[in-house]
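Working through the structure, step by step
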Amino acid sequence: MKFHGLAALALLIGASACTGRDAAATAGNDAAQAPRTEVTIASTNGRHVFRVEVADTVEKQQRGLMYRTGIPKDGGMLFAPYPPEGGGPREASFWMKNTPSPLDIIFIRADGTIARIAENTVPFSEAQVPSGEPVAAVLELNGGRSAELGIAEGDKVSWKR
């Protein structure tokens, strides 16, 4: 009888391990191991440089910045190439499911210009955030950062590939 009680307790502990906390820990580990690149946005008021993680596979792009907090001020994530499986630019649609921090989602055309900026997207929202036209990359920054720096549609984005 005592053994069954311990076994049940072990099962409960094991079951509780599959929670958002584990997802957050996994996301943190992914961030530590993610490749990074330097992204530069040339704006009318100067150049803005970000050191971001690169999401270059289907799996990385599906996870994005889910479960992540404490994104560095000049950090974020670059989804490039988009789509990761190739085939040239296409319309993109992102969401904020399981993403606790507001983000600016910057959609980038094949020529490197910004097509659209979705500013301060709503945390945890499952509403679709569309690019509105075919894009070749997407950059996610901390919410409000684009407005703070004067980054606008038409600005040129470049990164080390």
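Rules and cut-offs
- Position numbers for residues start from 1 in each chain and track the written sequence from start to end.
- The predicted origin of the model limits local features to residues at a pLDDT of at least 70 and limits the giving and counting of side-chain atom pairs to 80 or more, whereas totals for whole chains, interfaces and linings rest on all residues.
- As a convention, hydrogens and water are excluded, and side-chain values are obtained from all of the structure's heavy atoms.
- Here a strand pair is declared whenever DSSP counts at least two bridges between the two strands.
- Only DSSP runs of H or I with at least four residues qualify as helices, and only runs of E with at least two residues qualify as strands; both kinds are numbered from the N terminus onward.
- Put simply, two rings from Phe, Tyr or Trp (the six-membered ring, in Trp's case) pair if the centres are within 6.5 Å, and we call them stacked under 30 degrees between planes, edge-to-face over 60, tilted for the rest.
- A 1.4 Å probe rolled over the protein chains alone gives each residue an accessible area, and that area as a share of the maximum for its type sets the label: buried under 20%, exposed over 50%, partly exposed in between.
- Only heavy atoms matter for contacts: two residues are in contact if any of them lie within 4.5 Å across the pair.
- In the sections that follow, a salt bridge refers to a side-chain nitrogen of Lys or Arg positioned within 4 Å of a carboxyl oxygen of Asp or Glu.

Per an unreviewed UniProt entry, the protein goes by ACR and derives from Sphingomonas mucosissima.

Pairing of strand 1 (residues 36-43) with strand 2 (residues 46-55) involves eight bridges; the strand directions are antiparallel. Bridging from a neighbouring strand, Thr40 pairs with Val49 of strand 2. Pairing of strand 2 with strand 3 (residues 77-79) involves three bridges; the strand directions are parallel. If you follow Ala55 over to strand 3, its bridge partner there is Phe79.

On to the packing of aromatic side chains. Tallied over the full model, the rule gives three aromatic pairs. Ring centres of Phe79 and Phe94 lie 5.0 Å apart, and the angle between their planes is 80°; on these two criteria the pair is classed as edge-to-face. With Phe79 in strand 3 and Phe94 in strand 4 (residues 90-94), this residue pair connects regions lying 15 residues apart in the sequence. Between Tyr82 and Phe94 the ring centres are 6.1 Å apart and the planes differ by 45°, which places this aromatic pair in the tilted class. Here Tyr82 is found in the loop between strand 3 and strand 4, whereas its partner Phe94 is found in strand 4, with 12 residues between them in sequence.

A few words now on the environment of Gly154. Considering the arrangement of structural elements, one finds Gly154 in the loop between helix 4 (145-149) and strand 9 (156-159). Take Gly154: its relative accessible area is 45%, and that puts it in the partly exposed class. Sequence separation of Gly154 and Ala42 is 112 residues, and the distance between their C-alpha atoms is 9.7 Å. In contact with Gly154, other than residues within four places in its own chain, are Thr113 and Ile114.

Before going further, it helps to examine the pattern of salt bridges. Tallied over the full model, the rule gives seven salt bridges. Arg36 is the partner of Glu53 in a salt bridge, and the nearest nitrogen-oxygen pair spans 4.0 Å. Note that Glu53 is positioned in strand 2 and Arg36 in strand 1, a separation of 17 residues in sequence. By relative accessible area, which is 5% here, Glu53 ends up buried. The residue Glu148 makes a salt bridge to Arg145 at a minimum N-O spacing of 2.6 Å.

In this section: the environment of Ala92. Relative to the helices and strands, Ala92 resides in strand 4. A relative accessible area of 4% means that Ala92 is categorised as buried. Once the C-alpha coordinates of Ala92 and Val135 are considered, the two residues, 43 residues apart in sequence, prove to be 6.8 Å apart. Ignoring any residue separated from it by four or fewer positions in sequence, one finds Ala92 in contact with Tyr82, Phe107, Val129, Pro130, Ser131, Glu133, Val135 and Val138.

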